[in-house]
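Architecture and fold: a report
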Amino acid sequence: MSTVRGARERARIEVTAAIKDEARRMLAAEGAAKLSLRAVARELGMVSSALYRYFPSRDELLTALIVDAYDSVGAAAEQADAHALAADGAPPRARWIAVCEAVRTWALDHPHEYSLIYGSPVPGYSAPVDTVGPASRVGNTLIGIIRAAHAGRGLALPPLPAALRPEAVRMTADFAEGLPPEVTAALVAAWAQLVGLVSFELFGQFNRVVEDRDTFFTHAADQLAHGVGLPTA
């Protein structure tokens, strides 16, 4: 790589990072619906035509921010799981709780990015397939923990109504191959409940309801682990 080419690539990385940083600031101040490339360019002292060379549309900039957010929370979940496993060979239930707590901590530290990926849809925006992989990282981490339990001490199969079994079988084939359909259905419900717990806390629904939120959340995460059939330690 030539020196000139290397300098250009470094400059492009720096400008791209500055654009995304300014866009995140605007998300925090005004919300995703009001994000515009012209406003970002104006705040950075760029002409709009220059910014379009980095992000041709608002939707492409939003997609970049969404992918970054999913990758960030996904990395937090994966690191929490790896740490729990390496620290003392944590059993699956303890690993599950560690991942849930990491998602909560990330959300509290990045409330506007959490709102972007788990809050209200942005009007006029449809997420492309590029977001699917990053969006799956937390879920895949939880699935990996359940697989480990299934291969080890086994799982306590949750009840599954006969009417739901075909859908549970389909979901298992789509993203949890090898797991019992009973567990897949419970996992999807647990994921929705995890997001609900974090959202309630982040968006103020626990105000004047739950005071010791750390203890409450750990207990709730443990109950979710029980719901998907993870054995006790």
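Preceding this paragraph is the structure being described.
Now for a look at the structure at hand. (Residues numbered from 1 in each chain as written. Predicted model: local features only at pLDDT ≥ 70, side-chain atom pairs only at ≥ 80, totals over all residues. Heavy atoms only, no water.)

Re the pattern of salt bridges
Overall, the coordinates contain 15 salt bridges when judged by the stated rule. With a shortest N-O distance of 2.9 Å, aspartate 59 and arginine 58 are connected by a salt bridge. Accessibility expressed as a relative area gives 28% for aspartate 59, which makes it partly exposed. The salt bridge partner of arginine 104 is aspartate 214, with a shortest N-O separation of 2.9 Å. With arginine 104 in helix H5 (residues 92-109) and aspartate 214 in helix H11 (residues 213-227), this pair connects stretches of sequence that are 110 residues apart. Judged by its relative accessible area of 48%, aspartate 214 falls in the partly exposed class. Among the ionic contacts, a cluster of salt bridges with common partners joins Lys20, Asp21, Arg24, Asp68 and Glu113. (Salt bridge = Lys/Arg side-chain N within 4 Å of Asp/Glu carboxyl O. Buried < 20%, exposed > 50% of the residue type's maximum accessible area, 1.4 Å probe, protein only. Helix = DSSP H or I, 4+ residues; strand = E, 2+ residues; numbered from the N terminus.)

Comments concerning the packing of aromatic side chains
For any pair of aromatic rings, geometry is given as the distance between the ring centres together with the angle between the planes. All chains considered together, the criterion is met by six aromatic pairs. Between tyrosine 70 and tyrosine 118, the aromatic rings sit 6.0 Å apart at their centres with planes inclined by 80 degrees, giving edge-to-face as the arrangement. Taken together, the residues tyrosine 70 in helix H4 (residues 58-88) and tyrosine 118 in helix H6 (residues 111-118) connect sequence positions 48 residues apart. Like tyrosine 118, tyrosine 70 is buried. Here the aromatic rings of tyrosine 114 and phenylalanine 203 are separated by 6.2 Å at their centres, their planes lie at 55 degrees, and the arrangement is tilted. (Phe/Tyr/Trp six-rings, centres within 6.5 Å; stacked < 30°, edge-to-face > 60°.)

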